[in-house]
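Single-letter residue listing:
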Amino acid sequence: MPRSLAFHTDLTLRRNEGSVIRQDAGHVVICSPDNPTFWWGNFLLMPAPPQPGELRRWEELFSRTFPDADWRSFGVDTPHSDAVNVSEWQAAGYEVLRDTVLTAAHTVPPGRSRAASRDVQFRPVHSPADWEAAAQLRMAVNAEGPNPIEAAGYEVFVKRKLAAYRAVQAGGRGALFAAFDRSGAALSSLGIFDAGGTVARYQSVETHPAYRSRGLAGTLVHAAAEWAHMMMGTRTLVIVADPDYHAQALYERAGFRPTETQLSFQKRPPAP
């Protein structure tokens, strides 16, 4: 079992979605046959921070494990990464991700906001139309992001990812929530899924660019927590956030507190 709470929950979620996880010589291989272009469904988990001079060996291991991948993704099984030397990876063109792992037993209801005065429903996704609305939301968020992924390829990924969420939800191990307007459009969404024991992990908190800063995500975070307590017996809620993005402050207002740091390295596919 990984020492990192973030990767422990990541691996549990991937396994629930059908990923194949195996212990190899000195590392863990995570492979998602049903979503082969999912960077963080097809990666290597290092048992400890890499030492200087090891980058080439790790890249060779990745290429042998995922010969068709045009990206590189590595997780590091450590709960704290402040002292890890990442200069070699940065020099080789990798993005170094140091995300904050936050936990809470309960969430704080959001204060009155513009979300409360809108005719918006906060609920799990159910119908085919709901799932399509969730897909359209993800496409819109990607298109307006700072580093958008090519649309056709991203649409394939989204359909596969939502199919995995749908299967997990059908099995009673979590749910995708969304904020729907009166027309049925999804304005914000997130997933909350069983991560083993009495732990639940949030996934993919996203809000449409035109509807941000209206309290939608905060309301969904609380609604999903209440649902998880009631439907899955959750006692510990886990969410992971980019510390340089405003979402961490939102989660802290909801009652979450930083617990660990998740360290990862990724290199995106070459530009077409």
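As the structure is a computational prediction, the values presented were derived from the model and not from experiment.

### Concerning the side chain of arginine 201
Logical step 1: Within the secondary structure, arginine 201 is located in strand β9 (residues 199–207).
Logical step 2: A distance of 3.2 Å separates a polar atom in the side chain of arginine 201 from the backbone oxygen of alanine 6.
Logical step 3: A polar contact is formed between the side chain of arginine 201 and the side chain of threonine 9, at a distance of 2.7 Å.
Logical step 4: Not counting residues up to four positions away in its chain, the partners in contact with arginine 201 are Ala6, Thr9, Asp10, Leu13, Gly191, Ile192, Phe193, Ala195, Val238 and Val240.

### Here's the deal with the side chain of threonine 234
Logical step 1: The residue threonine 234 is located in the loop between α7 (216–232) and β10 (236–241) in this model.
Logical step 2: Beyond its immediate stretch of four places on either side in the chain, threonine 234 contacts Thr198, Val199, Ala200, Ala228 and His229.

### Some details on the packing of aromatic side chains
Centre-to-centre distance and the angle between the planes together describe a pair of aromatic rings.
Logical step 1: Enumeration according to the criterion identifies 15 aromatic pairs in this entry.
Logical step 2: Measuring from centroid to centroid gives 6.5 Å for tyrosine 251 and phenylalanine 256, while their planes differ by 65 degrees, and the two rings are edge-to-face.
Logical step 3: If you follow arginine 57 out to its NZ or CZ, it ends over the ring of tryptophan 58, 4.8 Å from the centre.

### Points about the sheet that holds strand β7 (residues 174–180)
Logical step 1: One open sheet holds the 11 strands; their spatial order is β1-β2-β3-β4-β11-β5-β10-β9-β8-β7-β6, and the pairing between them is mixed. Taken across any chain shown, the strands that pair with only one partner, and hence form the sheet edges, are β1 (20–24) and β6 (121–124). Within the sheet, the average angular offset between the axes of one strand and its neighbour, ignoring direction, is 25 degrees.
Logical step 2: In terms of strand pairing, β9 meets β10 through three bridges, oriented parallel. Its bridge partner lying in β10, alanine 200 is registered against leucine 237.

### What to know about unusual backbone geometry
Logical step 1: At serine 204, a residue that is not glycine, the phi angle is positive and equals roughly 50 degrees.
Logical step 2: Considering the arrangement of structural elements, one finds serine 204 in strand β9.
Logical step 3: According to the relative accessible area criterion, serine 204 is partly exposed, its value standing at 29%.
Logical step 4: Backbone geometry at serine 213 places phi at a positive 60 degrees, although glycine is not the residue there.
Logical step 5: As for its position among the elements, serine 213 is in the loop between β9 and α7.

### Details of helix α5 (residues 128–143)
In an α-helix, one turn spans 3.6 residues; hence positions three or four apart end up facing the same way.
Logical step 1: The first and last C-alpha atoms of α5 sit 23 Å apart over 16 residues, in line with the 22 Å expected at 1.5 Å per residue.
Logical step 2: Asp130, Trp131, Ala133, Ala134, Ala135, Leu137, Arg138, Met139, Ala140, Val141 and Asn142 are the residues of α5 that are buried.
Logical step 3: Among the structural elements, β6, α6 (151–170), β7, β8 (186–194) and β9 are those in contact with the buried residues of α5.

### Let's talk about the pattern of salt bridges
Logical step 1: As enumerated under the stated definition, the model contains 11 salt bridges in all.
Logical step 2: We note a salt bridge from aspartate 119 to arginine 182, for which the minimum N-O separation is 3.4 Å. Pair noted here: aspartate 119 is in the loop between α4 (114–117) and β6 and arginine 182 is in the loop between β7 and β8, with a separation of 63 residues, a long-range link.
Logical step 3: Connected via shared salt-bridge partners are Arg14, Glu17 and Lys161.

### Examining α7
Logical step 1: Taking 1.5 Å of rise per residue, 17 residues should cover 24 Å, and α7 covers 23 Å from first to last C-alpha, within 8% of that figure.
Logical step 2: In terms of burial, α7 is a largely internal element, 13 of the 17 residues being buried.
Logical step 3: Once α7 ends, the next one or two residues include glycine 233, with phi positive near 65 degrees.

### Focus on the packing of α5 against α6
Logical step 1: At a minimum axis separation of 10 Å, α5 and α6 run at an interaxial angle of 140 degrees. Considered as vectors, α5 and α6 are oriented oblique to each other. Helix-helix and strand crossings are classified by hand; for α5 and α6 the assignment is right-handed. Where α5 abuts α6, its residues Pro128, Trp131, Ala134, Ala135, Arg138, Met139 and Asn142 lie against Ala151, Tyr154, Glu155, Phe157, Val158, Lys161, Leu162, Tyr165, Arg166 and Gln169.

### Things to note about the nonpolar core
Logical step 1: Within the largest apolar cluster, 53 residues are counted, with the highest numbers of intra-cluster contacts made by Leu44, Phe74, Trp89, Leu162 and Phe265.
Logical step 2: Sort the elements by how many residues they give to this core and α5 lands first, with seven residues.
Logical step 3: Ignoring anything within four residues of it in the chain, the contact list for leucine 162 reads Trp131, Ala134, Ala135, Arg138 and Leu176.

Conventions and cut-offs
- Residues numbered from 1 in each chain as written.
- Predicted model: local features only at pLDDT ≥ 70, side-chain atom pairs only at ≥ 80, totals over all residues.
- Heavy atoms only, no water.
- Helix = DSSP H or I, 4+ residues; strand = E, 2+ residues; numbered from the N terminus.
- Polar contact = N/O pair within 3.5 Å; in protein donor to acceptor, adjacent residues only side chain to side chain.
- Contact = heavy atoms within 4.5 Å.
- Phe/Tyr/Trp six-rings, centres within 6.5 Å; stacked < 30°, edge-to-face > 60°.
- Lys NZ or Arg CZ within 6 Å of the ring centre and 35° of its normal.
- Pairing = 2+ DSSP bridges.
- Axes fitted to C-alpha atoms, helices over the stretch in contact; angles between N-to-C directions.
- Buried < 20%, exposed > 50% of the residue type's maximum accessible area, 1.4 Å probe, protein only.
- Expected span 1.5 Å × (residues − 1).
- Salt bridge = Lys/Arg side-chain N within 4 Å of Asp/Glu carboxyl O.
- Parallel < 35°, antiparallel > 145°, perpendicular 65-115°, else oblique.
- Left-handed = near helix turned anticlockwise from the far one by under 90°.
- Core = buried A, V, L, I, M, F, W, Y, C linked by side-chain atoms within 4.5 Å.

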